[in-house]
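Coordinate inspection notes
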Amino acid sequence: KINSEEDFKNLLVKNTGDLYSLYTYEINADLDFTNEIWEPIAKGDNEFFMGTINGNNHTIKYKIEKEAEKTDQGFVDVENFNGSDYYSLIAKAKNLKITNLKVEADISYEAQTNISYASSLIGYAVDSVVISSVSVSGNILSKMPDLAEHKNDLEDKPLKLLDVYEGHTTQYIGGIVGYAFDN
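Residues numbered from 1 in each chain as written. Predicted model: local features only at pLDDT ≥ 70, side-chain atom pairs only at ≥ 80, totals over all residues. Heavy atoms only, no water.

1. Some details on the sheet that holds strand β6 (residues 115–118)
Judged by pairing direction, the sheet is parallel, and its three strands sit side by side in the order β4-β6-β8 without closing on themselves. The sheet terminates laterally at β4 (84–87) and β8 (170–173), the two strands that pair on one side only. Ignoring which end each strand starts from, the neighbouring axes of this sheet average 10° apart. (Pairing = 2+ DSSP bridges. Helix = DSSP H or I, 4+ residues; strand = E, 2+ residues; numbered from the N terminus. Axes fitted to C-alpha atoms, helices over the stretch in contact; angles between N-to-C directions.)

If you want it as structure tokens, here you go:
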């Protein structure tokens, strides 16, 4: 049972993986995380959130604000653009069922990886994710860093830096799910 923000963090955030795929979580109160910057559930390598969440028609509110890392000169650090990043309540989910839930999200981020997944509920869903009687509202603002003004500053290695950045065009953005894939 989830009766508070603390319960939510303790139960859901730490319980990722196959061991928890049979768990059912009952949300019994509205949850408000807008006084902090939310870190998505199951964001780590090989982590997926699984199980069943019954929201009992309660609302979860959260926000994400993230800017790309900058170099000492104030330029976007494109040396570390490899990988994926997630901007959602749940980063990655599989074999998950969510019902009777309302989500209010305010998401604003500056792309800083090769692939970005953004949505109000799940960034990346794979293998039998069922969502029913769920509503989402809010805003998702994705900002792409502009390196064009820095070309002269990068002359010593323009192809490497700009190629890495220009390859960063893959963003999956959705209201409920950013990207869904079923094996």
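Moving on from the model shown.
2. Regarding empty space enclosed by the protein
Under the criterion given, the structure shown has one cavity of 30 Å³ or more. Approximately 40 Å³ is the volume found for the largest cavity. Elements with a minimum of two residues in the lining of the largest cavity: α1 (5–13), β3 (49–66) and β5 (90–110). (1 Å grid on protein atoms, 1.4 Å probe; cavity = no way out; pocket = protein on both sides within 12 Å on 5 of 7 lines; lining within 4 Å. Points joined across faces, edges and corners; volume = space filled by probe spheres on them.)

3. Description of the confidence of the model for the chain
Confidence along the chain averages 81 in pLDDT terms, with 77% of residues attaining 70 or more. The secondary structure element of the chain with the lowest average pLDDT is helix α2 (residues 158–166), at 43, and the one with the highest is strand β2 (residues 31–32), at 98. (pLDDT = per-residue confidence, 0-100.)

4. Side note on the nonpolar core
Ranked by internal contacts, the top residues of the largest apolar core, which has 32 residues, are F8, F49, Y62, I90 and I98. Of all elements in the fold, only α1, β3, β5 and β7 (122–143) reach the threshold of two or more residues within this core. Ranked by the residues each element gives to this core, the list is headed by β5, at nine residues. Residues within four places of I90 in sequence aside, it is in contact with P40, I41, F49, I53, L96, I98, L121, I122 and G123. Counting residues in each nonpolar core, the second largest holds seven residues, with F48, M50, Y86 and A91 among its members. (Core = buried A, V, L, I, M, F, W, Y, C linked by side-chain atoms within 4.5 Å. Buried < 20%, exposed > 50% of the residue type's maximum accessible area, 1.4 Å probe, protein only. Contact = heavy atoms within 4.5 Å.)

5. Observations concerning the side chain of K92
In this structure, K92 sits in strand β5. For the buried K92, which has no salt bridge, the nearest side chain bearing the opposite charge is D45, at an N-O separation of 5.5 Å. (Lys, Arg positive; Asp, Glu negative; His and termini not counted. Salt bridge = Lys/Arg side-chain N within 4 Å of Asp/Glu carboxyl O.)

6. Regarding the pairing of β6
Where β4 lies against β6, four bridges are found, and the strand directions are parallel. Within the sheet, the bridge partner assigned to D85 lies in β6 and is S116.

7. Observations concerning the packing of aromatic side chains
The final tally for this structure, using the stated rule, is 13 aromatic pairs. For the pair F33 and W38, a centre-to-centre distance of 4.8 Å together with 50° between the ring planes defines the contact as tilted. Exposure class is identical for F33 and W38. Each is buried. Where W38 meets Y62, the ring centres are 6.2 Å apart and the plane angle is 55°; that geometry is what we call tilted. Of the two residues, W38 is situated in the loop between β2 and β3 and Y62 in strand β3; the sequence distance between them amounts to 24 residues. We note that W38, like Y62, is buried. Against the face of F48 rests K92, its NZ or CZ located 5.5 Å from the ring centre. The lysine or arginine in question, K94, covers the ring of F48, its NZ or CZ lying 5.0 Å from the ring centre. (Phe/Tyr/Trp six-rings, centres within 6.5 Å; stacked < 30°, edge-to-face > 60°. Lys NZ or Arg CZ within 6 Å of the ring centre and 35° of its normal.)

8. Notes on the environment of N35
Its location among the elements puts N35 in the loop between β2 and β3. Along the backbone, N35 and K61 are 26 residues apart, and their C-alpha atoms lie at a distance of 9.8 Å.

9. Quick look at the environment of V136
Assignment of secondary structure puts V136 in strand β7. Distance in space between the C-alpha atoms of V136 and K102 is 5.8 Å, their sequence separation being 34 residues. Apart from residues no more than four positions distant in its own chain, V136 is found in contact with V103, S120, G175 and I176.

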